[in-house]
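An overview of the molecular structure
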Amino acid sequence: MTDESEDLTRRYRAAMARLPGGVAVLAGRAGGRDVVSVVTSLVSVSLDPPMALVVVHGASRLGETLDVGSRWAATVMGAGSAPAVTWLAEPGRPDLGQLRGVDHDRGETSGAALLAGGTAWIECVTEQVHEAGDHLVVVGRVTQAGRGSADGALVHRLGRVRDLP
Ligand SMILES: Cc1cc2nc3c(=O)[nH]c(=O)nc-3n(C[C@H](O)[C@H](O)[C@H](O)COP(=O)(O)O)c2cc1C
């Protein structure tokens, strides 16, 4: 990277850090194991049919499991869930038992983990994967959706997560 492009990357990162993002935990399955990641990139795409997208790093463990046809779930995290989110975003978490000690159910249409402490959740099957720079844009058809127990939301801004009542 040249000094100029490094500088742009730094300024771009700082600019985007000012955009508040709703925090979700994305969960898939690989080889019978749960693979999860914290994201702020969950976006609704279409209502008819219901579709959503997430953007994940191409080299992340979850990115490798979201091929076309794969099933996954996203829990929109609620107020009070910062401790679980902080643990799940920890770099170098072990591959095995990623949800050990994290209360969760399993989605009926995906088999993927739905976390306790969420304010809503969706389940999806991947329909399209687009490579974009170092990330993958994963577009899914929504197969089920529902409300969680939390009323408030969890929001990320300027490198911190905080409750939004
Ligand atoms: C609040 C927050 C939001 C994040 N949003 C994204 C995201 O939208 N996409 C992404 O690829 N990684 C995102 N990350 C980073 C991932 O959670 C994770 O640290 C990274 O993908 C590590 O991959 P691994 O599971 O292979 O260790 C976010 C992290 C935090 C704390």
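Residues numbered from 1 in each chain as written. Predicted model: local features only at pLDDT ≥ 70, side-chain atom pairs only at ≥ 80, totals over all residues. Heavy atoms only, no water.

Concerning the sheet that holds strand β4 (residues 43-47)
This is how the line gets drawn: When DSSP finds two or more bridges between a pair of strands, those strands are recorded as paired. Numbering of helices and strands starts at the N terminus; helices are DSSP runs of H or I of at least 4 residues and strands are runs of E of at least 2. Angles here are taken between N-to-C directions and fall from 0 to 180 degrees, while the axes themselves are lines fitted to C-alpha atoms, restricted in helices to the stretch in contact.
One open sheet holds the seven strands; their spatial order is β3-β2-β6-β9-β10-β5-β4, and the pairing between them is antiparallel. The open sheet has two free edges, formed respectively by β3 (33-39) and β4, since each of these has just one partner strand. Going across the sheet, the axis of each strand differs from the next one's by a mean of 35°, ignoring polarity.

Description of the UniProt feature "domain: Flavin reductase like" (unreviewed entry) in the protein
So the rule is basically this: UniProt positions are given in the numbering used here, feature names are shortened, and annotations may be inferred rather than shown by experiment.
In this structure's numbering, the residues bearing the UniProt feature "domain: Flavin reductase like" (unreviewed entry) are residues 16-163. Summarising residues 16-163: 5% helix, 53% strand, and an end-to-end C-alpha distance of 19 Å.

Section: the sheet that holds strand β1 (residues 21-22)
Ordered by their spatial adjacency, three strands build an open sheet running β1-β11-β12, and the pairing between neighbours is antiparallel. In this open sheet, the two strands that pair with only one neighbour each are β1 and β12 (160-164). Pairing between β1 and strand β11 (residues 153-157): two bridges, direction antiparallel. In the sheet register, Gly 21 faces β11, and the bridge partner there is His 156.

Thoughts on the layout of surface pockets
The gaps left among the atoms become clear once a water-sized probe is rolled over them. Selection criterion: Both cavities and pockets are sets of points on a 1 Å grid over the protein atoms alone; in a cavity a 1.4 Å probe fits but cannot get out, in a pocket the set is open with protein on both sides within 12 Å along at least five of seven lines, and lining residues sit with an atom within 4 Å of a point. Grid points are joined across faces, edges and corners, and a volume is the space filled by probe spheres set on the points. Residues are sorted three ways: Asp, Glu, Lys and Arg are charged, Ala, Val, Leu, Ile, Met, Phe, Trp, Tyr, Cys and Pro are nonpolar, and all the rest, Gly among them, are polar.
Volume-wise, the largest pocket comes out at about 1,300 Å³. Lining the largest pocket are 30 residues, and of these Arg 13, Thr 40, Ser 41, His 135 and His 156 sit closest to its centre. Looking at the lining of the largest pocket, the elements with two or more residues in it are α1 (3-16), β3, β5 (50-57) and α2 (82-88). Broken down by class, the residue content of the lining of the largest pocket amounts to 16 nonpolar, nine polar and five charged. As a volume, the second largest pocket reaches approximately 160 Å³. Residue lining of the second largest pocket: 13 residues in total, with Asp 105, Leu 114, Leu 115, Ala 116 and Trp 121 positioned closest to the centre. Broken down by secondary-structure element, the contributors of at least two residues to the lining of the second largest pocket are β7 (104-106), β8 (113-115) and β9 (118-132). Broken down by class, the residue content of the lining of the second largest pocket amounts to four nonpolar, six polar and three charged.

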